[in-house]
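Listed below are the residues making up each chain.
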Amino acid sequence: MIGTEVIQAIGGLIIVAAFAQLAVLLYGTWRGAALARVRQDLDNELLRQRVAAETLNREVERNKTVATWSGFRKFRIRDKVQDGGDICSFYLVPHDGKALPPFAPGQYLTFNLRLPDRDKPLVRCYSLSDSPFQTDYYRVSIKRQGPPPREPEAPPGLGSYFFHDALNIGDIVDVKAPSGNFFLDLSKHNPVVLIGGGVGLTPMLSMLNAICESGSQRETWLFYGVRNGDEHIVQEHLEALEAEHEHVHVQICYSDPKDDEVEGRDFDHGCRISVELFKRILPSNNFEFYICGPPPMMDSLTSDLREWDVPDRDVNFEAFGPASVKKTATATVSAETSSVGQVVTFARSNKKVTWDGSHGSLLELAEDSGIALDSGCRAGSCGSCITAVKTGEVSYMEEPGTLPEDGSCLTCIAVPKTDLALDA
Ligand SMILES: Cc1cc2nc3c(=O)[nH]c(=O)nc-3n(C[C@H](O)[C@H](O)[C@H](O)COP(=O)(O)OP(=O)(O)OC[C@H]3O[C@@H](n4cnc5c(N)ncnc54)[C@H](O)[C@@H]3O)c2cc1C
Ligand code: FES
């Protein structure tokens, strides 16, 4: 006879076995679900990468099929949007209705503005401020440039006031194709730090939007410096990008916050953007840096980054006005400005002019002599005015932002050092 204890023991064993089986079953199911989740995540990631690659491929294909243009092309202002902080965005569409060639984020447009009380057109450059993936318009964001604080009686900025006050939806502007060597390479995946001071945010915004829209998982930090909330633009847009993209980190610096503005709520740091701040916030110095802002900010950041052992090749910058940052490369720059009496020959125009010191640059001398030279920034930044030097030498009044090739010069900031023959 089997005793009650034996029956109980067998019953117990059966229950334990059943529980063990259930546990194995549950574990199997849980493991299966976990594996399925991991697989789903991997699939999603793969899909994201494929979409990113496909988007880039399409961009490259579009690049091949949509021709850029030479000279000036007519664009219609489709929208004019006040961003705050005296900055206004203009959405431009080609007047001929044809497709827009792509651009690299960081590049700019050159405008030929016809102001009513000026004989000569006014040339001004403005960075493209939206992503190149927005293929039906170009956008520029322009700050109204008032007189310098120390010279309140001086006339306000001609080009920016014209945009703000005179140009409206439906108006036509003449625009050169996107250009400039300051841009982000979207085919790379290295981590980047984008630094925008004031309206210097515009090229950074294009880069940041492009990174997010391409689906790239590139680690990206944006440092945006303004005086206070009055100048802080596209706040909601930046917050949304940071919330939607794990790899995007936005750091807002107010150098002079207002009394009711609170650190941690309205802005992240109550200071200027500096390398000291990077040392506190960034995990390392192993980033590629892109900088655009007022000259003092660019000066201090570029030299402090060098001291922080960031190689020069990883520091890219754009000046919106006269270039101030000193390059390490050996530029053919002379500190002394020229004397007078040199003969400047414009070889192709068959004209000889004596330099009498009354012109600010060779570009001005050419224009006043009836010789049309290309120009953009008129500050040594954009490279539009590069002209071949057939014989002779020039001096630069400022350090060129774009180093011209040997045998050529940037006429907008050059003056003759010796007798000179230009291919113009
Ligand atoms: C590559 C590049 C990209 C750029 N991107 C942007 C951008 O995205 N957004 C943007 O807003 N800007 C940008 N800029 C700057 C822009 O091109 C203009 O330089 C800017 O708008 C000022 O031009 P303006 O015609 O309004 O002023 P200007 O007429 O050139 O005057 C400049 C300043 O000089 C002052 N001034 C004029 N006359 C006198 C005088 N007699 N005495 C003392 N002061 C005087 C004016 O009040 C003004 O403050 C960019 C520049 C470059 C080179
Ligand atoms: S006009 Fe831009 S560099 Fe001379």
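Source: prediction; values computed, not measured. (Residues numbered from 1 in each chain as written. Chains lettered and ligands numbered in written order. Predicted model: local features only at pLDDT ≥ 70, side-chain atom pairs only at ≥ 80, totals over all residues. Heavy atoms only, no water.)

Located in the positive-phi region is Asp86, a residue other than glycine, with phi close to 60 degrees. Turning to its location among the elements, Asp86 is positioned in the loop between β1 (72–84) and β2 (87–94). For Val234, which is not a glycine, the phi torsion comes out positive at approximately 45 degrees. Structurally, Val234 can be placed in the loop between β8 (220–226) and α4 (235–244). (Helix = DSSP H or I, 4+ residues; strand = E, 2+ residues; numbered from the N terminus.)

What follows covers the site of ligand 1. In the vicinity of ligand 1 there are 26 residues, among which Arg124, Cys125, Pro155, Gly159 and Ser160 approach most closely. The separation between an oxygen atom of ligand 1 and a polar main-chain atom of Pro155 is 2.6 Å. Between ligand 1 and Thr202, the relevant distance is 2.9 Å, taken from an oxygen atom to a side-chain nitrogen or oxygen of the residue. For ligand 1, the accessible surface in isolation is 980 Å², of which the surrounding protein chains cover 77%. Sort the elements by how many residues they give to the shell around ligand 1 and strand β4 (residues 122–127) lands first, with four residues. When its residues are assigned to classes, the shell around ligand 1 shows 14 nonpolar, eight polar and four charged. (Near = heavy atom within 4 Å. Polar contact = N/O pair within 3.5 Å; in protein donor to acceptor, adjacent residues only side chain to side chain. Areas by Shrake-Rupley, 256 points an atom, 1.4 Å probe, with all protein chains shown as cover. Nonpolar A, V, L, I, M, F, W, Y, C, P; charged D, E, K, R; others polar.)

Looking along a regular strand, one sees side chains alternate from face to face of the sheet. Of all seven residues making up strand β9 (residues 248–254), six are buried, and the element is well covered by its neighbours. Once you follow β8 into α4 and on to β9, the crossover reads as right-handed. (Buried < 20%, exposed > 50% of the residue type's maximum accessible area, 1.4 Å probe, protein only. Right-handed = clockwise from strand over helix to strand, strands pointing away.)

Compared with an ideal rise of 1.5 Å per residue, which puts 13 residues at 18 Å, helix α6 (residues 295–307) spans 18 Å between its outermost C-alpha atoms and is within 8% of the ideal. Looking at α6, one finds that the buried residues are Met297, Met298, Leu301, Thr302 and Leu305. Burial along α6 is one-sided: seen end-on, the buried residues are contained in an arc of 115 degrees. Set apart from the buried face of α6 by more than 90 degrees, the exposed residues are Pro296 and Glu307. Those residues of α6 that are buried are in contact with β7 (192–197), α5 (275–281), β10 (288–292) and β11 (315–318). Count one or two residues on from α6 and you reach Asp309, which has phi positive near 65 degrees. (Expected span 1.5 Å × (residues − 1). Arc of directions from axis to C-beta. Contact = heavy atoms within 4.5 Å.)

Attention shifts here to the pattern of salt bridges. Tallied over the entire structure, the rule returns 17 salt bridges. As a salt-bridge pair, Lys74 and Asp174 come within 2.7 Å of each other at their nearest N and O atoms. Of the two residues, Lys74 sits in strand β1 while Asp174 sits in strand β6 (residues 172–179), which places them 100 residues apart along the sequence. On the basis of relative accessible area, Asp174 is assigned to the buried category, the value being 9%. The salt bridge partner of Asp174 is Arg114, with a shortest N-O separation of 3.4 Å. Linking Asp174 in strand β6 with Arg114 in the loop between β3 (108–113) and β4, this pair joins segments that are 60 residues apart in sequence. For Arg114, a relative accessible area of 54% gives the class exposed. When salt bridges that share partners are traced, they join Lys74, Arg114 and Asp174 into one network. (Salt bridge = Lys/Arg side-chain N within 4 Å of Asp/Glu carboxyl O.)

Applying the stated criterion across every chain yields a total of 14 aromatic pairs. Note on Tyr254 and Phe267: the rings are 4.7 Å apart at their centroids and 20 degrees apart in plane angle, and the pair reads as stacked. In this pair, Tyr254 sits in strand β9 while Phe267 sits in the loop between β9 and α5, placing the two residues 13 residues apart along the sequence. The same class applies to Tyr254 as to Phe267, namely buried. (Phe/Tyr/Trp six-rings, centres within 6.5 Å; stacked < 30°, edge-to-face > 60°.)

Read from one edge of the open sheet, five strands run β9-β8-β7-β10-β11, paired in parallel fashion. Each edge of the sheet is formed by a strand with only one pairing partner; in this case those strands are β9 and β11. With strand direction ignored, the average angle separating the axes of adjacent strands in the sheet is 15 degrees. The sheet strands contacting α4 are β8 and β9, and the helix crosses β9 at an angle near 145 degrees. (Pairing = 2+ DSSP bridges. Axes fitted to C-alpha atoms, helices over the stretch in contact; angles between N-to-C directions.)

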